[in-house]
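Structure assessment
Each chain, written out:
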Amino acid sequence: MKVVAILPAAGLGTRMAPMPSAMDATAKTRKPHPSKQFTDLAGTPILIHTLRKFAAVDGVSEIWIALRENEIEGFRERLLKEAKVLRGKKVELVIGGEHRQQSVQNALNAITAAPDDIVLVHDAVRPLVTGEIIHEVIEAAKKYGAAIAGLPAVDTVKQVERTSEGAIVRATIPRAGVVLAQTPQGFRYGVIKKAFDEAAADGFMGTDEASLAERSGHEVAVVMGSPRNIKITTPSDMDLAEFYLRE
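Residues numbered from 1 in each chain as written. Predicted model: local features only at pLDDT ≥ 70, side-chain atom pairs only at ≥ 80, totals over all residues. Heavy atoms only, no water.

Let's shift gears to the sheet that holds strand β1 (residues 3-8). Strand order in the open sheet formed by seven strands is β5-β4-β1-β6-β10-β7-β11, and the pairing between neighbours is mixed. Both edges of this open sheet fall to β5 (90-95) and β11 (221-224), since each of them pairs with a single strand only. On average, each strand axis in the sheet is tilted by 25° relative to the strand beside it, whichever way the strands run. For β1 and strand β4 (residues 60-67), the ladder comprises six bridges, and the chain directions are parallel. Each bridged residue has a counterpart across the sheet, and for P8 the counterpart in β4 is A66. (Pairing = 2+ DSSP bridges. Helix = DSSP H or I, 4+ residues; strand = E, 2+ residues; numbered from the N terminus. Axes fitted to C-alpha atoms, helices over the stretch in contact; angles between N-to-C directions.)

Below is the structure:
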């Protein structure tokens, strides 16, 4: 049984871009802001931090990274500098899609795996994931067929109705039955490939990989994530990630 990790990294990450200033608006040329996954975190691109975490896990044998087509060659050059850190792991690059689901689908279509092999999908911009969490998801996916890292909700959760003037609370959801999903999310290859193929045939877009497995009729187990396993989405997340790295 082998373990394959997929890192979808084709997004633009527009929420990371700084707001344009008046000077920017009048400038004839502006330096393009790097995609979120290529933004430096403590001097190293976020995606490289994430890649190193999976390369360090003995059980992971292959890592597939979905990138925008125009970013593949430049990243391939960067991989040459990571040769020692990758510890001989097979790293493949595949063209991503316009949406995360399409990027993962492209990687699933490219890999060769047996039905019981394990596929992990992890946000490229969750660079603080630990080897322990990765291992726990792998073991749970082997046992149950599908598993995610998640955190129990600590705040009160409200269900709301969106209106033109804001939102109105319609219900309070007992937080004992709520978890906040993280990644990695792990599956037997046969489970996740079937779920993705069904979603593609029906034109269904899910919120994450687990939602597709759920839709396909497969139960998904939850293992404990970490408050530090943050997804870097905004500049303030960068500040927090750098603080954690310094500790």
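This part is about the packing of helix α5 (residues 100-110) against helix α7 (residues 189-202). The contact between α5 and α7 brings their axes to 11 Å, and the two run at 125°. When the axes of α5 and α7 are compared, the pair comes out oblique. Here α5 runs over α7; the crossing is left-handed. Facing Q101, V104, Q105, L108 and N109 of α5, the residues of α7 in contact are Y189, I192, K193, F196, D197, A199 and A200. (Parallel < 35°, antiparallel > 145°, perpendicular 65-115°, else oblique. Left-handed = near helix turned anticlockwise from the far one by under 90°. Contact = heavy atoms within 4.5 Å.)

Moving on, we come to the pattern of salt bridges. The full count for this structure, using the stated rule, is 15 salt bridges. We note a salt bridge from K2 to E62, for which the minimum N-O separation is 2.8 Å. Of this pair, K2 sits in the segment before β1 while E62 sits in strand β4, and the two are 60 residues apart along the sequence. Residue classification places E62 among the buried positions, given a relative accessible area of 9%. In this structure, R100 engages D123 in a salt bridge whose closest nitrogen and oxygen atoms are separated by 2.4 Å. With R100 in helix α5 and D123 in the loop between β6 (118-121) and α6 (131-144), this pair connects stretches of sequence that are 23 residues apart. The partly exposed category is assigned to R100, whose relative accessible area is 27%. A relative accessible area of 5% means that D123 is categorised as buried. By sharing partners, the salt bridges in this structure join R100, D123, R126 and E209 into a single network. (Salt bridge = Lys/Arg side-chain N within 4 Å of Asp/Glu carboxyl O. Buried < 20%, exposed > 50% of the residue type's maximum accessible area, 1.4 Å probe, protein only.)

According to the stated counting rule, one finds two aromatic pairs in the structure shown. Each ring, one from F243 and one from Y244, has its centre 6.0 Å from the other, and the planes form 50°; the classification is tilted. Given the relative accessible area of 18%, Y244 is considered buried. Looking at R215, its charged tip hangs above the ring of F204, at a distance of 4.5 Å from the centre. (Phe/Tyr/Trp six-rings, centres within 6.5 Å; stacked < 30°, edge-to-face > 60°. Lys NZ or Arg CZ within 6 Å of the ring centre and 35° of its normal.)

On to the packing of helix α2 (residues 46-55) against helix α3 (residues 72-81), then. Packing of α2 against α3 leaves a shortest axis separation of 12 Å and a crossing angle of 50°. Our classification of the angle between α2 and α3 gives oblique. Between α2 and α3 lies a crossing of right-handed hand. On α3, the residues that touch L47, I48, L51 and R52 of α2 are F75, R78 and L79.

Next up on the list: α3. In an α-helix, one turn spans 3.6 residues, which is why side chains three or four residues apart end up on the same side. Buried within α3 are the following residues: I72, F75 and L79. Considered in projection along α3, the buried side chains sweep an arc of 65° and stay on one side of the axis. Exposed residues pointing more than 90 degrees away from the buried face of α3 are listed as E73, E77, L80 and K81. Against the buried residues of α3 lie α2, β4, α4 (83-86) and β5. (Arc of directions from axis to C-beta.)

Our next topic: the pairing of strand β10 (residues 179-188). Where β6 meets β10, four bridges bridge the pair, whose relative direction is antiparallel. Across the sheet, residue V121 finds its bridge partner in β10, namely Q185. In this sheet, β10 lies alongside strand β7 (residues 146-152) in antiparallel orientation, the contact comprising six bridges. Within β10, the position partnered with I148 by the bridge is Q185.

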